[in-house]
Amino acid sequence: MSTALVTDLTIFVLALLVGIEVIGKVPATLHTPLMSAANSIHGIVLAGALLIGITAHNVVGYVLAFVAAFFAAANVVGGYMVTGRMLKMFRRKAVPPPAGAASANGQGGPVPARREGGAAS
Amino acid sequence: MNSFTTNIQLVYIAAAACFVLGLHLMNSPATARRGNQVSTAGMVIAVVATLVLLIHEGTVTGVGWTVLIVGALLGSVAGLYSAQRVQMTAMPQLVSMFNAVGGGAAALVAIYGYIEDESAPGGVLGTTTVFTALDVIIGSVTFTGSLIAAGKLQGVITGQPVIFRGARALNVALAVIIAGTTAFLFTTASLPALLILILASLAFGVLMVLPIGGADMPVVISLLNAFTGTAVAMAGFVITNWALIVAGALVGASGGILTKLMADAMNRSLTNIIIGGFGTGDSALPVAAVGDAQIRSIAADDAAIQMAYASKVIIVPGYGLAAAQAQHGVAELAQVLESRGIEVSYAIHPVAGRMPGHMNVLLAEANVPYPLLKEMEEINPEFARADVALVIGANDVTNPAARRAGSAISGMPILDVDQAKSIIVVKRSMASGYAGIDNELYANPKTSMYFADAKKAMAELTAAVKTLVG
């Protein structure tokens, strides 16, 4: 076993342990955003997809590079966007003035209340 | 490793540190947004470093650049579009799709690495092949498995477990093919063998998820998430890239923890879910077996009186609420009650919804402040003080039968709804939950049933409370 491989394995095991330690502390409330965040992090495979380009000089290489870049970019961009979108909705208090309006004028209330809240925070 | 690539690796480590820090900040809703930003920054750093490396190497052809840039741009547009358009109820599908593309990309990296190595002088290195094989297998299984899971959640494929004769034999055959081909690849460099490995793994992914019922999806999605992380880490080994190794390990850990949490909350082992136990989908059994017990149904006005004159109300939302898109209606009812000084909180079971923590996101979208959302351990002691427990579209997770031995859900952690002074259950019919058993809660003398679609029920109840209290 080469030194480089031992280094890689060490990094892998330590990262796994750090992951267990850090993620074990995330409250259940945030489990969906957590999974979505983890999802965007594995979008790092985009780096791997781009690196294919260094040696790709034939049709097979180009096709694999294209599909990999497409998949990975969708993963990374979509993942971060949707995580951000979700986290923006979590708030400690109901936004006071629009919330009062919402209970007064019924169904139409919640939607504008959410938009104003999002802009304010 | 020359000094330039060493520097790039150091930048990758910095990016990895950002990922860890970002996940760490997710431990509180107050800092979670910053966490996501830190993580995004790490990703930008890693991608820029990679581009710098590509330019420095100078071997990327014109076609190569075009292919990479067009591919990445189209992918970004697809990701952006789906992230902005997705309904919060459809989050599990989207996460599943991201698992699919992530796993697929990881497999492609290894496949390309293998094709490269095979044409290199000296053939394929043994150690490379271990990780290559693992990456190809896990990545391919994740790709098709996640697509099937997303299809089931979206309703494109039936949520019922798909079981056909010989499925098990076929699975065993595929496993043997996968193991055999891998062993062969360790000794002989062979492209056809790699192709067989890919195809067998893709087929295995389909067959793994097809027999799993829709209600077990929180576990399946978590598991596939862990798979994707592992595949990405393996890709990192293949191309000796620390950023991929660390990020993959983090995701693998996160998926693993969530899988265990979900399986525990359903009181089922992972093996049991994969092989397919009682999870026969959202089957509806006839009313009969609750026995001779009296089922009391209640009108909107009476339910409104109970709630309007309570001092503490606990709302228990389940998947039925999300399916009926009633989360905004619930939030509105809660607001009306709170404006009367009634203490309202929400009891969230770990498997409420279709993925871990799903219900919290749905309620956050409906503008419910997160401190009101209580986890099971926290809320259970409070039921005894509650005047009314309002159960909306939740079934098995409230069934006291789980406390006794001998039922399909025995030992499953449940919400102690039966401890409340009175209970109102909003439900469309007496159909049973996915465990396929009757809910003893409904026969409890303290329980009244309000038969209606959750969205309609919320509007009626809110209107009734308003009329009552002016």
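Everything numeric here is computed off the predicted structure, so don't read it as measured data.

What counts, and at which threshold
- Each chain carries its own residue numbering, running from 1 in the written order of its sequence.
- Just so you know, chain letters begin at A and ligand numbers begin at 1, following the order they were written in.
- Side-chain atom pairs in this predicted model are given and counted only at pLDDT of 80 or more, local residue features only at pLDDT of at least 70, and totals for whole chains, interfaces and linings cover all residues.
- Fitting a line to C-alpha atoms yields each axis, with helices limited to the stretch in contact; the angle taken between N-to-C directions then spans 0 to 180 degrees.
- A run of H or I in DSSP becomes a helix once it reaches four residues, and a run of E becomes a strand once it reaches two; helices and strands are each numbered from the N terminus.
- Should an angle fall under 35 degrees it is taken as roughly parallel, and over 145 as roughly antiparallel, whereas 65 to 115 is taken as roughly perpendicular and any remaining angle as oblique.
- Crossing chirality is assigned from the near helix's rotation relative to the far helix, an anticlockwise turn below a right angle marking it left-handed and a clockwise turn marking it right-handed.
- By the convention adopted here, residues are in contact when the distance between their C-beta atoms, placed from the backbone, does not exceed 7 Å.
- When residue character is reported, Ala, Val, Leu, Ile, Met, Phe, Trp, Tyr, Cys and Pro are called nonpolar, Asp, Glu, Lys and Arg charged, and the others, Gly included, polar.
- Working definition: the nonpolar core is a set of buried Ala, Val, Leu, Ile, Met, Phe, Trp, Tyr and Cys residues, joined through C-beta atoms within 7 Å.
- Residue burial here comes from a neighbour count, namely the number of other C-beta atoms, placed from the backbone, that lie within 10 Å of the residue's own C-beta, with 20 or more meaning buried, 12 or fewer meaning exposed, and in between meaning partly exposed.
- Domains are outlined according to an automatic or database domain assignment.
- At least two bridges found by DSSP between two strands is the condition for calling them paired.

In this section: the packing of helix H6 (residues 167-187) of chain B against helix H7 (residues 191-209) of chain B. Residues and elements named next belong to chain B. Following both chains from N to C, one finds H6 and H7 inclined at 150°, their axes separated by 9 Å at the closest point. The orientation of H6 relative to H7 falls into the category roughly antiparallel. Judged by the sense of rotation from one axis to the other, the crossing of H6 with H7 is left-handed. Along the contact surface, H6 presents Ala167, Leu170, Asn171, Leu174, Ile177, Ile178, Thr181, Thr182, Phe184 and Leu185, while H7 presents Ala193, Leu194, Ile196, Leu197, Ala200, Ser201, Ala203, Phe204 and Leu207. A breakdown of the residues in the contact of H6 with H7 according to their chemical character gives 15 nonpolar, 4 polar and no charged.

A few words on the interface of chain B and chain A. Between chain B and chain A, the contact holds 104 residues from the first and 86 residues from the second. When the residues that make up the side of chain B that touches chain A are grouped by side-chain class, the tally is 62 nonpolar, 36 polar and 6 charged.

Let's shift gears to the nonpolar core. Ranked by internal contacts, the top residues of the largest apolar core, which has 204 residues, are Val109 and Leu250 of chain B. When residues in this core are grouped by element, the largest group, 19 residues, is from helix H4 (residues 59-89) of chain A. The residue makeup of this core includes at least three contributed by each of domain 1 (3-275) and domain 2 (288-469) of chain B.

What follows concerns the environment of Phe71 of chain A. You can see Phe71 of chain A is positioned in helix H4. If we skip the residues at most four places from it in the chain, Phe71 of chain A touches Gly75, Val101, Gly104 and Ala105 of chain B.

For the rest of this paragraph, the subject is the domain arrangement of chain B. Residue and element names in this part refer to chain B. Assigned domains within chain B: domain 1 (3-275) and domain 2 (288-469). Relative to domain 2, the C-alpha centre of domain 1 lies at a distance of 38 Å. Elements with a minimum of two residues in the side of domain 1 that touches domain 2: helix H4 (91-119), helix H8 (217-238) and helix H9 (242-265).

Right, let's talk about unusual backbone geometry for a bit. Residue and element names in this part refer to chain B. Phi is positive for Thr240, close to 45°, though the residue is something other than glycine. Residue position: Thr240 is located in the loop between H8 and H9. Here Thr240 falls in the partly exposed class, since 17 other C-beta atoms lie within 10 Å of it. At Gln325, a residue that is not glycine, the phi angle is positive and equals roughly 55°. Summarising the element assignment, Gln325 is placed in the loop between helix H12 (319-323) and helix H13 (327-339).

Residues and elements named next belong to chain B. When strand E1 (residues 312-317) meets strand E2 (residues 343-348), the two strands line up parallel, connected through 4 bridges. What sits directly across from Ile315, in E2, is Tyr346. By the bridge criterion, 3 bridges tie E2 to strand E3 (residues 373-375) in an arrangement that is parallel. Following the sheet pairing, Ile348 is matched in E3 by Glu375.

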